[in-house]
Amino acid sequence: TTILFIGATANDPGWVAVPAIGAGDRTVVYDLETYPLRIKTSSTIGSGNKMDLYFYDSQDKTTGRVIIWFDSVPRYALDFCLRSTNFPTDLPTGTDKVW
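Just so you know, these numbers come straight off a predicted model, no measurement behind them.

Draft legend 1. Representation of the overall build of the protein chain within the structure. When helices and strands are tallied, the protein chain shows 0 helices and 8 strands. In the protein chain, the order of α-helices and β-strands from amino to carboxyl end is β-β-β-β-β-β-β-β. The burial tally for the protein chain puts 22% of its 99 residues in the buried class. Taking the contacts inside the protein chain whose residues are at least 6 apart along the sequence as the reference set, 39% of them involve residues at least 24 apart.

This is how it looks when you write it as structure tokens:
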């Protein structure tokens, strides 16, 4: 995955690091009702990387998913809502991106 950090919380205006693959539980508790979600990634367009972000309710039931493919033509999908779709505008070419 390419997720590096998830955006600010009330107690920490900085970024919350997402544990690396293989580091155990990768769950990040985040208050979506109070704070807008910001996600910082480090994949470049054309890298072939994929970002999967799952959302769960208080009973750990999956309630949604955002997927971003960093292919030569980057695309995204919102599970339960939208099939794979190309981004409507060109994305920044830099490595670090905030979504």
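Draft legend 2. Molecular detail of the packing of aromatic side chains. For the coordinates displayed, the defined rule picks out 2 aromatic pairs. Look at Tyr 54 and Tyr 56: their rings are 6.4 Å apart centre to centre, the planes differ by 25°, and that puts the pair in the stacked class. Classification of Tyr 54 as partly exposed rests on a relative accessible area of 38%. Aromatic pair Tyr 76 and Phe 87: ring centres 4.9 Å apart, planes at 45°, arrangement tilted. Of this pair, Tyr 76 sits in strand 6 (residues 75–79) while Phe 87 sits in the loop between strand 7 (82–86) and strand 8 (97–98), and the two are 11 residues apart along the sequence. One Lys or Arg, Arg 75, reaches over the ring of Trp 69 and ends 4.2 Å from the middle of that ring.

What counts and how
Residues numbered from 1 in each chain as written. Predicted model: local features only at pLDDT ≥ 70, side-chain atom pairs only at ≥ 80, totals over all residues. Heavy atoms only, no water. Helix = DSSP H or I, 4+ residues; strand = E, 2+ residues; numbered from the N terminus. Buried < 20%, exposed > 50% of the residue type's maximum accessible area, 1.4 Å probe, protein only. Contact = heavy atoms within 4.5 Å. Phe/Tyr/Trp six-rings, centres within 6.5 Å; stacked < 30°, edge-to-face > 60°. Lys NZ or Arg CZ within 6 Å of the ring centre and 35° of its normal.

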